[in-house]
Structure formats: C-alpha cells, structure tokens
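# Chain and residue survey
Chain residues, written in single-letter form:
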Amino acid sequence: MSSGGPVPQEFSVAVVGGGIIGLSIAWRLAQSGWTVAIFDKCAAGGEASWAGAGMLAPGGEFEEVSRLTELAIESRREYQPFVRELEAESDTAIDFGECGALDLAFSGEELKALDERARGQSAIGIHSKALELSQVYAFWPRIRRDTLAGARFYPDDAVVNPRDVVYALKIACRKRGVRIAEHCGVQRLAISENSVTIETEEGSAEYRAVVVAAGAWSSQLAVGGVPDLPSARPVKGQLIGYRQPAGTCATIVRHGSFYFLQRANGLMIAGASVEHSGFNREIRPTITEQLAKQAGLVFPHLDETTPSEVWVGFRPGGEELQIRSWHSPRLYLAYGHYRNGILLAPVTAKAITTELNANLQKP
Ligand code: GLY
C-alpha cells in the first residue's frame, strides 16, 4: 500500500524506519535543530515496537561484560527521564513502572543456577538479592507455592508499554515538525560525498544524511556508494496475554527463559518464543500451549484460563548491534537491537544524534 503522498522534500535528515528506534532518533535530531523526515513502509511503530512486551530488564538479559551490557544499563538509567520528557512534550501518559523483577526457581538445581548467575551479574553492576519464600508469598500471592525452591529480586528492572511510547513519540515528533511518511517504503539509498538520495515508489528526494533504523528489515535496503550494510534478520517472538485484575503480576516475573508482566490496562503478558523462521507471521498453537503451560506453572490460577490475545513480532536480530556511521558521515545505522530495542531506544537516539552533530553542520 502506498500513501500516495509526495516524498518529503526539503528536510535535512531522513530516517528509514518508524519504530521506537527511528522515532526516538528523529525526536532527538529534531530537538537538536535538524529537519527530519521518517519513512516507514507500513504504519510507524506497527511491527516489533507494537509486539514487544516492554521489559526494561538488564537483569533478565545480560550476564557478561560487553558494550551491549553497558549500553543496556545506561539506557535503563536514562529511561525515567526519557519517559518524563516525552510525556511532557507529547502531553500523553506512558505506562512505565520501576517495579523490579522476580526470578523463580522450582528446584534446587534451578536455584543454584540463579545464584551463580547473580554472582556474575553483580560484578558487572546488575544487582539482585535472594528472597525468603515467606517474602515471595507475601508480595506475590498468586505465585505457585508447592514446588517453589527460591527466588531472587532484581530491583532495577522495569517495564514500559512500548505502544504508549510510540504513540507519544509520534506526537512529539510531529510537534517538532518531523514528517512521518507512512506506507512509503524506501527502495534505494544512494550515498554521495555531499548528499543522500532516497528513492521510493513515489519518487525520490535528497537529504544531507540518512539513518537506517528499519529493524529486521534494515539490510534489505539497496544502498549505493558504500559497502553492503551489516546483515539484519528477523527473530520471531510469539506472546500471549490474559486480561487480569490489576496487581495480579505487580513486577516482572521470570522462570528460566519465560517472562510475565502486567500492563496498567490489566493485560498480563507471557512471553516469548525465539524462532528463526524468517518473516513468517503464523501463530503456532504449540507455542501458545507452551506459553500457557508456563503461565499455569507459575500462576496456578491461570491453569485453566484461555489467553485472550496471541500475537507475534520480529525482533531485530542480525550480525551485531549497529549504532554508528557507515563508511560516510552521511549514513548512520541503528539496528540489530535484538531483544532489547525498547530498552535501548534512549541511548541509541542519543548516540546517533551526537555522532551526526559532530560530523555535519546544520544548514
Ligand atoms: N525482550 C524480550 C524478548 O525479546 O522476548
């Protein structure tokens, strides 16, 4: 589907991809004085940013020192000011909670593994503490008790509703003059010494710089004038949701690779599969069953409950995280965030804006 509208002209920077990463970058660039146009082949924010559960949880995702871990911890620290600033600029509310996360062990072996992992994490700045079972029973009354062996609490993990963030970013971007061209897929980028040409089905336009932030689709772009882009690929996640009374799951709850969280609107989410099956949007009943089984294992009252919602999304996987210029001061890459695109949006936007500002003069 095409917007039928003209390709945005007379903007300085083009952002390809209108998910949470592209929108955050566009917002920060516009705040720093650039005129920005976003291109999205569908509806902005309609893919991974729409599907993501919204865990801001280094405690559940990282256990080794790496640049990615450092960025994740930094972005987690920056999330509250990011959300507050965005709420103020967009005049909308964002469901964001610094609720922490509970990791559960249902056997002695699982508990040993939790404790070992926590020891390694504390050395890299991710803190947690062991809880008494009585504390778990008191604060998480819905959690299964009969086979619970132990638990750890990660106070710094948090949750956000990514759909709220995207909605607010769209408003904040538009208020700052960002043009969001939806249903306007970019077919080709031509990078030259002094400009970038963007070609779409609707026509072409010139910009001073371009940012590629198209998630799992990023390396499908044809780009001339620079070496091929590092590869991106989709990693499908299937999730389920239950409508539950507020407070059913007041923090993130994790068991092994499964996680649970509840939005302010009551939706309790259980996730997620990790599937390497290309851009296949099929909802697999076996995955729904696995997720529902885990939900029932951790929250026995869900044992006989049918999920009210099931959906899939494509995590932006790839060779590695790209937050950098690519062989030209006119081309920037912001993709490969894999499981942490929602979390890493603030630091990604800051880093791209800083590098672009250092490389190019505003007109
Ligand atoms: N960030 C959790 C996931 O990708 O499933």
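Our structure's up above, just so we're on the same page.
Below or above, wherever it landed, is the structure these notes cover.

Rules and cut-offs
- Residues numbered from 1 in each chain as written.
- Predicted model: local features only at pLDDT ≥ 70, side-chain atom pairs only at ≥ 80, totals over all residues.
- Heavy atoms only, no water.
- Pairing = 2+ DSSP bridges.
- Helix = DSSP H or I, 4+ residues; strand = E, 2+ residues; numbered from the N terminus.
- Axes fitted to C-alpha atoms, helices over the stretch in contact; angles between N-to-C directions.
- Near = heavy atom within 4 Å.
- Polar contact = N/O pair within 3.5 Å; in protein donor to acceptor, adjacent residues only side chain to side chain.
- Areas by Shrake-Rupley, 256 points an atom, 1.4 Å probe, with all protein chains shown as cover.
- Nonpolar A, V, L, I, M, F, W, Y, C, P; charged D, E, K, R; others polar.
- Salt bridge = Lys/Arg side-chain N within 4 Å of Asp/Glu carboxyl O.
- Buried < 20%, exposed > 50% of the residue type's maximum accessible area, 1.4 Å probe, protein only.
- Expected span 1.5 Å × (residues − 1).
- Bend = angle between axes of the 7 residues up to and from the residue.
- Parallel < 35°, antiparallel > 145°, perpendicular 65-115°, else oblique.
- Left-handed = near helix turned anticlockwise from the far one by under 90°.
- Contact = heavy atoms within 4.5 Å.
- Phe/Tyr/Trp six-rings, centres within 6.5 Å; stacked < 30°, edge-to-face > 60°.
- Lys NZ or Arg CZ within 6 Å of the ring centre and 35° of its normal.

## Thoughts on the sheet that holds strand β9 (residues 179-181)
Strand order in the open sheet made by the six strands is β9-β2-β1-β13-β21-β20, with mixed pairing throughout. Unpaired on one side and paired on the other, β9 and β20 (322-325) mark the two borders of the sheet. The average undirected angle you get between the axes of adjacent strands in this sheet is 15 degrees. Bridge count for strand β13 (residues 209-212) against strand β21 (residues 331-335) is three bridges, and the pairing is parallel. Following the sheet pairing, Val210 is matched in β21 by Leu331.

## Details of the site of the ligand
Residues in contact with the ligand, as listed here, are Met55, Glu61, Tyr259, Ala272, Arg315 and Arg339. A distance of 2.6 Å separates an oxygen atom of the ligand from a polar atom in the side chain of Arg315. Measuring from a nitrogen atom of the ligand, one finds a backbone N or O atom of Arg339 at 2.7 Å. Calculation on the ligand without its partners gives an accessible area of 200 Å², and the protein chains cover 87% of this total. Grouping the amino acids of the shell around the ligand by side-chain chemistry returns three nonpolar, no polar and three charged.

## Digging into the pattern of salt bridges
Within the structure shown, the criterion is met by 20 salt bridges. One salt bridge in this structure joins Arg117 and Glu63, with 3.2 Å as the shortest N-O distance. Taken together, the positions of Arg117 in helix α5 (residues 108-122) and Glu63 in the loop between α3 (58-61) and α4 (67-90) put the pair 54 residues apart, joining distant regions of the chain. Judged by its relative accessible area of 17%, Arg117 falls in the buried class.

## Remarks on the pairing of strand β17 (residues 258-262)
A large share of β17 lies buried, amounting to five of its five residues. Residue alternation in β17 divides its side chains into two sets, Phe258, Phe260 and Gln262 and Tyr259 and Leu261, and both sets are buried. Where strand β16 (residues 252-255) meets β17, three bridges bridge the pair, whose relative direction is antiparallel. What sits directly across from Val253, in β17, is Phe260. Linking β16 to β17, which pair antiparallel, is a turn of two residues; within it Gly256 sits at a positive phi near 60 degrees. Inspection of the sheet shows β17 paired to strand β18 (residues 267-271) by four bridges, in the antiparallel sense. Bridging from a neighbouring strand, Phe260 pairs with Ala270 of β18. Joining the antiparallel neighbours β17 and β18 is a turn of four residues, in which Gly266 adopts a positive phi near 95 degrees.

## Observations regarding the pairing of β13
Burial along β13 is two-sided: the residues Ala209 and Val211 and Val210 and Val212 are all buried. With four bridges connecting them, strand β1 (residues 13-16) and β13 associate as parallel partners. When the sheet's bridge partners are listed, Val15 is paired in β13 with Val211.

## Details of helix α9 (residues 341-359)
Relative to the 27 Å expected for 19 residues at 1.5 Å per residue, α9 spans 25 Å between its end C-alpha atoms, a close match to the ideal helical length. Where α9 bends most, at Val347, the angle is about 35 degrees.

## Let's talk about the packing of helix α1 (residues 20-31) against helix α7 (residues 162-175)
Two numbers describe how α1 lies on α7: the axes approach to 9 Å, and their chain directions differ by 30 degrees. Between α1 and α7, the crossing angle belongs to the class labelled roughly parallel. Seen along the crossing, α1 lies across α7 with a hand that is left-handed. Where α1 abuts α7, its residues Ile20, Leu23, Ser24, Ala26 and Trp27 lie against Val165, Val166, Leu169, Lys170, Ala172 and Cys173. The residue inventory of the contact of α1 with α7, partitioned by class, reads nine nonpolar, one polar and one charged.

## Some points on the packing of aromatic side chains
Across all of its chains, the model carries ten aromatic pairs by this definition. Between the aromatic rings of Trp217 and Phe279, the centroid separation amounts to 4.8 Å while the plane-to-plane angle is 25 degrees, which identifies the pairing as stacked. Highlighted residues: Trp217 in the loop between β13 and β14 (222-224) and Phe279 in the loop between β18 and α8 (285-298), separated in sequence by 62 residues. Residue classification places Trp217 among the buried residues on the basis of a relative accessible area of 15%. You can call Phe279 partly exposed: its relative accessible area is 33%. Sitting over the ring of Tyr154, Arg254 keeps its end group 5.1 Å from the ring centre.

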